[in-house]
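Listed below, chain by chain, are the residues.
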Amino acid sequence: MTNPPEQPTVIVRMADAGDLYMSWRWIGNVHSQGASMLPEAAITDAVRRLAAALPNPAEPDALERAITTGAFAAHDSECLVAQALSRALLPYGLAVQLYDLYTRGIRPHIRLQPSPRLAQVPWEIIAPDPALRLVDIADVSLLAPAGIVHSRGRTARAWHDTREQPVVAVLDPRIPGYRADSILGSVLGRMDADTPVARRFAEYHTLGRLLPAVEDAIEAFRRTDVDRDWLGKALREGASRLVYVGHVTAAAPESGQSEDAELHLSCTADTVGFAAPTRAHRPLSAKDLLLGTHTLTQDPVDGPQLWPIPSRVALIACESGGDMRFSEALGLVAAMINGGAELVTASRWPLPTDLAFQRLAGAPPEAHPLQDAICAIDAAHEHPDPTTALADWQRARLTQWRTDRSIEHSPILWAAFATVST
């Protein structure tokens, strides 16, 4: 199956009113537009099954359960969840149109605007047939909230104008007041020059494109000086991309305050910001990125002026895309797009680390699924078509999941990532 020069694209929008109302239209009228009402009972059951398979941050030992006994820990049980999601969420009319393209060897691009209730659904893995997943037949991405994309004063940055500029990389920063083995400790563990992620970012270092500017690429990891001031300065000097690997504290959907989502840099507690300090540290919140120092200083500066966001952003952290679960999405993804990004890749749910895969789920010591994911997302963001590049990696992971059925290839990791674009 190939992607034609002009890849067919279908826009799918959803609205919750107990039952789910879904509409779709094909750009260029490749197929007729359609609409469908999907019953609440089937959706509730499918979403419940998905939620039971995912790590719940509020549940003790949730991550261990998810990768050892949960539905995503084994291929056959995961496939049952995927089939339930497909039965509940893929309208017959749209499925027929996708099948028509599939039989002709054409892979379309599905651009989804899910309702908050469905924000954690990994559309890529839903299974119209036990032997077929949506990512087999389509590239999938999410639509950025229209209100953010068209917000007054937003300065969008185009990839073709900035692609030669530096890559700003915040790689597993040290959080003041937290040890490496604590709740906000290291997500990558001890790094050396031969690890996949170190090799990946050493390439940018060799090309003179890596920020922070370091003598050796390995020094870019676990730094103590990558705070919000450093980040703002680096972005203002010009960047092609932003890569963040670390911790995000997602706002609870029931709070209704998506802007409270927090990015953990090396900021100390005496830093000016909206988020409450924790120990010796003050997180950088989505509210900071949106409002800057408004109401905090006598001469306030807007967030996008302090942190002009580059064209492409990777937020590789637990629930970094959590704002999509809110009816008013003003979290980290929205803040990045409001700041100028045209594309953001983020996570729908908490991510297992390589150490968790190895110690809890029995993955071999040479397996580095999280590092492999970081490298794949980073490579996709250097590609002219990042959505297809990321989908190609997911298709490769799915193939290994089907054949090897080992935990390091489970969709619990690779299906967590969604790309949101304008």
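Residues numbered from 1 in each chain as written. Predicted model: local features only at pLDDT ≥ 70, side-chain atom pairs only at ≥ 80, totals over all residues. Heavy atoms only, no water.

Engineer: Explain the overall build of the protein chain here, please?
Structural biologist: A tally of helices and strands in the protein chain yields 16 helices and 14 strands. For 422 residues, the compact-globule estimate of 2.2 N^0.38 gives 22 Å, and the C-alpha radius of gyration of the protein chain, at 21 Å, lies within 12% of that figure. Principal axes of the C-alpha set define a box for the protein chain whose edges measure 55 × 50 × 40 Å. In the protein chain, which comprises 422 residues, the share counted as buried stands at 57%. Sequence separation of at least 24 residues holds for 71% of the intrachain contacts in the protein chain that already meet a minimum separation of 6. Per element, the accessible surface of the protein chain, about 17600 Å² overall, is 51% carbon and sulfur. (Helix = DSSP H or I, 4+ residues; strand = E, 2+ residues; numbered from the N terminus. Rg over C-alpha atoms; globule rule 2.2 N^0.38 Å. Buried < 20%, exposed > 50% of the residue type's maximum accessible area, 1.4 Å probe, protein only. Contact = heavy atoms within 4.5 Å. Areas by Shrake-Rupley, 256 points an atom, 1.4 Å probe, with all protein chains shown as cover.)

Engineer: Can you help me understand the sheet that holds strand S9 (residues 248-249) in this one?
Structural biologist: With antiparallel pairing, three strands are arranged side by side in an open sheet as S9-S10-S11. The two strands at the open ends of the sheet, each matched to only one other strand, are S9 and strand S11 (284-285). Two elements, strand S10 (residues 262-263) and S11, share two bridges in a ladder whose sense is antiparallel. Considered in S11, the bridge of Glu262 is made with Ser285. (Pairing = 2+ DSSP bridges.)

Engineer: Can you walk me through the packing of aromatic side chains in this structure?
Structural biologist: Working definition: an aromatic ring pair is given by the centre-to-centre distance plus the angle between the planes. Considering all chains together, one arrives at three aromatic pairs under this definition. An angle of 80° between the planes, with centres 6.3 Å apart, marks the rings of Phe72 and Trp349 as edge-to-face. Separated by 277 residues along the polypeptide, Phe72 in the loop between helix H2 (62-68) and helix H3 (75-89) and Trp349 in the loop between strand S13 (343-347) and helix H13 (354-359) bring together distant segments of the chain. In this arrangement the basic side chain of Arg312 is found over the ring face of Trp159, its NZ or CZ atom lying 4.1 Å from the centre. (Phe/Tyr/Trp six-rings, centres within 6.5 Å; stacked < 30°, edge-to-face > 60°. Lys NZ or Arg CZ within 6 Å of the ring centre and 35° of its normal.)

Engineer: Looking at this structure, I do not really get the confidence of the model for the protein chain. What am I missing?
Structural biologist: Any segment with low pLDDT has predicted coordinates that should not be analysed in fine detail. Residue-level pLDDT values for the protein chain average 96, and 99% of them are 70 or greater. At the low end of the mean pLDDT range in the protein chain sits helix H6 (residues 146-149), at 91; at the high end sits strand S8 (residues 241-245), at 99. (pLDDT = per-residue confidence, 0-100.)

Engineer: Honestly, the sheet that holds strand S1 (residues 9-17) in this entry has me stumped. Any pointers?
Structural biologist: Neighbouring strands of a sheet are bound in pairs by backbone hydrogen bonds; such pairs are parallel or else antiparallel. Taking strand neighbours across the sheet as the criterion, the eleven strands line up as S3-S2-S1-S4-S5-S14-S13-S12-S8-S6-S7 in an open arrangement whose pairing is mixed. Every other strand in the sheet has two partners, leaving strand S3 (34-38) and strand S7 (210-211) as the edge strands with one partner each. Sheet topology note: the S1/strand S2 (residues 19-26) ladder contains eight bridges and is antiparallel. Note that in S2 the partner of Arg13 across the bridge is Ser23.

Engineer: Please clarify how helix H1 (residues 40-53) should be interpreted in this entry.
Structural biologist: Structural remark: α-helix, 3.6 residues per turn; residues separated by three or four positions point the same way. Over its 14 residues, H1 extends 20 Å from the first C-alpha to the last, a length consistent with the 20 Å expected when each residue adds 1.5 Å. All buried positions along H1 are accounted for by Ile43, Ala46, Leu50 and Ala53. Down the axis, H1 shows its buried residues gathered within 90° of arc, on one side only. At its buried positions, H1 is contacted by S2, S3, H2, H3 and helix H16 (411-414). (Expected span 1.5 Å × (residues − 1). Arc of directions from axis to C-beta.)

Engineer: How do you make sense of the side chain of Arg312 when you look at a structure like this?
Structural biologist: Secondary-structure assignment places Arg312 in strand S12 (residues 312-316). Buried charge Arg312 goes without a salt bridge, the closest partner of opposite sign being Glu342 at 4.6 Å. Ignoring anything within four residues of it in the chain, the contact list for Arg312 reads Trp159, Ser240, Arg241, Leu242, Leu343, Ala380, His381, Glu382, His383, Pro384 and Pro386. (Lys, Arg positive; Asp, Glu negative; His and termini not counted. Salt bridge = Lys/Arg side-chain N within 4 Å of Asp/Glu carboxyl O.)

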